[in-house]
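Analysis of the macromolecular model
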Amino acid sequence: MANSRFEEVKAEAASAITDENLRSAYTGLVHEDGRHEYYFGNDTEEAAKLREAAAIQLGMLLRVLADRSDSDIEEITELAVERAERMELQ
């Protein structure tokens, strides 16, 4: 395995998802065979709160990806937009 901390991160995430005070959750999975899965849930149906939660989660993901890949946020954002436009989510 290329990242020795990956198993630890998976275990931490699995534990954190059971927190009773959680308001929003997003998990995106990419399998070795290229298959994608995603889980997105919120404790509200209000559009403004859903947008805010999604924007916070997207911002966190962009920040982490930019830092870990030695890229800037704009570069990661452009790539993400391209991929999102091509993605067919069920």
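Residues numbered from 1 in each chain as written. Predicted model: local features only at pLDDT ≥ 70, side-chain atom pairs only at ≥ 80, totals over all residues. Heavy atoms only, no water.

**Regarding a nonpolar patch on the surface**
Quick note on the threshold: Each patch is built from residues that are more than 30% exposed by relative accessible area and take part in no salt bridge. Like charges join if they lie within 9 Å; nonpolar side chains (Val, Leu, Ile, Met, Phe, Trp, Tyr) join within 5 Å. Each accessible area is a Shrake-Rupley result for a 1.4 Å probe, and residues are judged covered by the shown protein chains and nothing else. When a carboxyl oxygen of Asp or Glu lies within 4 Å of a side-chain nitrogen of Lys or Arg, that pair is called a salt bridge. Secondary structure elements are taken from DSSP: a helix is a run of H or I of four residues or more, a strand is a run of E of two residues or more, and numbering for both begins at the N terminus.
A contiguous nonpolar patch, built from Tyr-26, Tyr-38 and Phe-40 and spanning about 310 Å² of accessible area, is present on the exposed surface. Tracing the chain through its elements places Tyr-38 in strand E2 (residues 36–42).

**Focus: the pairing of E2**
Applied cut-off: Strand pairing is assigned whenever DSSP detects at least two bridges linking the two strands.
Pairing of strand E1 (residues 24–30) with E2, which is carried by seven bridges, proceeds in the antiparallel orientation. If you follow Val-30 over to E2, its bridge partner there is His-36. From the end of E1 to the start of E2, which pair antiparallel, there are five residues, and Gly-34 there has a positive phi angle of about 90°.

**What to know about the pattern of salt bridges**
Cut-off, in case you're wondering: Relative accessibility decides the category of a residue: with a 1.4 Å probe and only protein chains considered, values under 20% of the type maximum give buried, values over 50% give exposed, and everything between is partly exposed.
Summed over the entire model, instances satisfying the criterion amount to six salt bridges. For the salt bridge of Glu-37 with Arg-35, the shortest nitrogen-to-oxygen distance reads 3.3 Å. When its relative accessible area of 23% is taken as the criterion, Glu-37 is described as partly exposed. Given a relative accessible area of 43%, Arg-35 falls into the partly exposed group. Of the charged contacts, one joins Arg-63 and Asp-67 as a salt bridge, the two residues approaching to 2.8 Å between their closest N and O atoms. Taken together, the residues span about one helical turn, with Arg-63 and Asp-67 both in helix H2 (residues 47–68) at a distance of four residues. Given a relative accessible area of 47%, Asp-67 falls into the partly exposed group. The structure contains a network of salt bridges with shared partners spanning Arg-5, Glu-8 and Glu-12.

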